[in-house]
Amino acid sequence: MRHIAIIGSGPAGYYTAEAAQKQWGDEVRVDIFDRLPVPYGLIRTGVAPDHQSIKGVSRRYEQTALSDNVRFVGNVTLGEDVSVEELMGLYDAVVLATGAPRDRALDLPGDHLRNVFGSAAFVGWYNGHPEFAGLAPDLSGDTAVVIGMGNVALDVARILSKTREEFGGSDIVGHALDSLTSSGIRRIVVLGRRGPHQIMMTPKELGELGHLTRAVPRVDPADLPDVDEDALLEPGLRKSVNHLRSFAAAPEGARPGADIDVEFDFFASPRAFLGEGQVEAIEVERTRIEGGRAVGTGEFYEIPAALVVACIGYRTSPIPGVPFDERAGRFANDEGRILPGLYCVGWARRGPSGTIGTNRPDGFGVIEKIAGDLATATGGKQGREGFDALATARGLDVVTFRDWKKIEEAEAARAREGAPREKFVDVADMIRARG
Ligand code: NAP
């Protein structure tokens, strides 16, 4: 029998569990730990609440979760309730699938000002992550600046632009929906340090911005390269640039009733946040591209900003005793192996890039590596029985998958009309809901 502990119940965690089942069949027991009492990580608290079809992938994870040889061990924090060394003593392999839940820092003057957030915090607020649900951003100002030209920047710009009706069918948490409904934001500046040919936005997601009730995307035609140069782009990026071209070509006033502008400001690098206590403006330097990199031109200007959300990427949370690559912001590893018996997968292995599906080959890859490493191992680890004894001795309040199904039911029962659920945003409320 092989005993595998997976830390983190997001996509990388569940695909790894699925791979372990394929590899060892009945000869494996998999425990999937999560520090929250609820599963699915990024699917629940990262994927945008108005992208329910993407969230639907959790049904596939549920199939894995309901198998006899896989179980969910919620409300257990690695490094607090149990150490890495303890788990390594109990399981044949420990796989860190902890994602990248921390914001990469911009490290600019004024980044401590109120209403300057990173996307992990801001997305966590509207998605009801217990750590960020109390963020209470002030949306009363006129202008928001969103830093970055990736899909997270698009998510944030879109969420800030939607009407209450446009959130129908989403699972945006009530506190965020109410706050957004009374938002004063009428101008959203999306700031990119490089140009239209260097955006990280994918076509489907960028195209959505052109179909909102109140918001109109605006691109300055002067920022677009000569159209012939698009031929050199890979097809996905070319499609995204086509969207930018159609935004640039839309005549002024073509959308009567739309009163929110989403402006793309290219070749613009943030240099400082300005304000007294709360952010009031952002200082920006014009850039030009040299060898693919953004280089400052020495020309500075200010954009008024009552809210700033930096969507510039994420970092994995270090765990005491686990080798960490500070520069890359993830665990130091060799194709998923950190140390013999300790592995990482998904964003914790390769950094925050790719789609949810990218984690599937990642999960299968790490299990292949583990299978190779264990080929000559003698076994004899205690696995889940050993963990259960430890949990009882420590008085840990473990949340099971059956408990989660009760929490899920309670969230569905209190949903607003048309919404799939109203999430509990407080760990104590989640635990209470299991009955
Ligand atoms: P991303 O795609 O890597 O984009 C990060 C953006 O931040 C880039 O435009 C980058 O510009 C910019 N940036 C980085 N450091 C900066 C700095 N110091 N100053 C100014 N700009 C800076 O990351 P992401 O948007 O966080 O997305 C993470 C992953 O999740 C991606 O793979 C994304 O596709 C995926 N995702 C997918 C969806 C979806 O499919 N619906 C939704 C959300 C996220 P440079 O290029 O110049 O570095």
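Conventions we followed
Residues numbered from 1 in each chain as written. Predicted model: local features only at pLDDT ≥ 70, side-chain atom pairs only at ≥ 80, totals over all residues. Heavy atoms only, no water. Near = heavy atom within 4 Å. Polar contact = N/O pair within 3.5 Å; in protein donor to acceptor, adjacent residues only side chain to side chain. Helix = DSSP H or I, 4+ residues; strand = E, 2+ residues; numbered from the N terminus. Domains from an automatic or database assignment. Pairing = 2+ DSSP bridges. Contact = heavy atoms within 4.5 Å. Salt bridge = Lys/Arg side-chain N within 4 Å of Asp/Glu carboxyl O. Buried < 20%, exposed > 50% of the residue type's maximum accessible area, 1.4 Å probe, protein only. Phe/Tyr/Trp six-rings, centres within 6.5 Å; stacked < 30°, edge-to-face > 60°. Lys NZ or Arg CZ within 6 Å of the ring centre and 35° of its normal. Arc of directions from axis to C-beta. Axes fitted to C-alpha atoms, helices over the stretch in contact; angles between N-to-C directions.

A. Here's a closer look at the site of the ligand. The environment of the ligand is made up of 23 residues, and the closest members are Arg-104, Met-149, Arg-193, Arg-194 and Gly-354. Within the side chain of Arg-193, a nitrogen or oxygen atom sits 2.7 Å from an oxygen atom of the ligand. Taking Arg-194, its side chain carries an N or O atom lying 2.8 Å from an oxygen atom of the ligand. With three residues, helix H7 (residues 151-161) is the largest single contributor of residues to the shell around the ligand. Two domains share the shell around the ligand, each providing at least three of its residues, namely domain 1 (2-101 + 316-433) and domain 2 (102-314).

B. Seen up close, the pairing of strand E11 (residues 268-276). Taken together, the eight bridges between E11 and strand E12 (residues 278-290) define a ladder with antiparallel strand orientation. Paired with Gly-275 across the bridge in E12 is Val-279. Between E11 and E12, which pair antiparallel one after the other, the connecting turn spans one residue, and Gly-277 there sits at a positive phi close to 80°.

C. Quick look at the domain arrangement of the protein chain. Entries for the protein chain in the domain assignment read domain 1 (2-101 + 316-433) and domain 2 (102-314). The gap between the C-alpha centroids of domain 1 and domain 2 is 31 Å. With 28 residues of domain 1 at the interface, the matching set in domain 2 holds 27 residues. Across the domain 1-domain 2 interface, the total number found is five salt bridges. Between Asp-171 and Arg-421 there is a salt bridge; the shortest N-O distance is 2.7 Å. Between domain 1 and domain 2 we count 17 residue pairs in polar contact (both at pLDDT 80 or more) in total. Elements with a minimum of two residues in the side of domain 1 that touches domain 2: helix H2 (42-45), helix H3 (52-55) and helix H15 (427-433).

D. Region of interest: the environment of Lys-381. Among the secondary structure elements, Lys-381 is positioned in the loop between helix H12 (359-374) and helix H13 (384-394). Judged by relative accessible area, Lys-381 falls into the partly exposed class, the value being 31%. As a C-alpha pair, Lys-381 and Lys-22 span 359 residues in sequence and 21 Å in three-dimensional space. Setting aside residues no more than four positions away along its own chain, Lys-381 makes contact with His-3, Met-88, Gly-89, Leu-90, Tyr-91 and Asp-92. Within the local environment of Lys-381, its side chain forms a polar contact with the backbone oxygen of Met-88, the two atoms lying 2.9 Å apart.

E. Seen up close, the environment of Glu-422. Here Glu-422 is to be found in the loop between helix H14 (401-413) and H15. You can call Glu-422 buried: its relative accessible area is 14%. For the pair formed by Glu-422 and Ser-170, sequence separation is 252 residues and the distance between their alpha carbons is 9.7 Å. Those residues within four positions of Glu-422 in sequence are excluded, and the remaining contacts are Ile-172, Val-173, Gly-174, Glu-411, Arg-414, Ala-415 and Arg-416. For Glu-422, the side chain forms a polar contact with the side chain of Arg-416, separated by 3.0 Å.

F. Focus on the packing of aromatic side chains. Going through the model one piece at a time under the given rule, you end up with 15 aromatic pairs. Ring geometry for Tyr-40 and Tyr-61: centres 6.1 Å apart, planes at 45°, overall tilted. Pair noted here: Tyr-40 is in the loop between strand E2 (28-34) and H2 and Tyr-61 is in helix H4 (residues 58-65), with a separation of 21 residues, a long-range link. Here the two residues Tyr-40 and Tyr-61 agree in accessibility, since each one is buried. Taken together, Tyr-14, Tyr-15, Tyr-40, Tyr-61 and Trp-404 form an aromatic cluster joined through their ring pairs. A cation sits over an aromatic face here: Lys-162 above Phe-167, 6.0 Å from the ring centre.

G. Inspection of the side chain of Asp-265 at higher detail. If you trace the backbone, Asp-265 turns up in strand E10 (residues 260-265). Polar contacts involving the side chain of Asp-265 include one to the side chain of Arg-286, which spans 3.4 Å. With residues near it in sequence (within four places) discarded, Asp-265 still touches Met-149, Val-189, Val-190, Leu-191, Gly-192, Arg-286, Tyr-301 and Ile-303.

H. A look at H4. Within the sequence span of H4, burial applies to Ser-58, Tyr-61, Glu-62, Thr-64 and Ala-65. For H4, the angular spread of buried residues about the axis comes to 160°, placing them on one side. Looking at H4, the residues exposed on the side facing more than 90 degrees away from the buried face are Arg-59 and Gln-63. Buried residues along H4 sit against helix H1 (11-24), H2, H3, strand E3 (70-74) and H14.

I. Representation of the sheet that holds strand E9 (residues 215-219). Spatially, the six strands line up as an open sheet ordered E6-E14-E7-E8-E10-E9, and their pairing is parallel. The open sheet is flanked by strand E6 (116-118) and E9, the only strands paired with a single partner. Averaged over all neighbouring strand pairs, the angle between strand axes comes to 20°, with direction disregarded. Note: strand E7 (residues 143-147) against strand E14 (residues 307-310), four bridges, orientation parallel.

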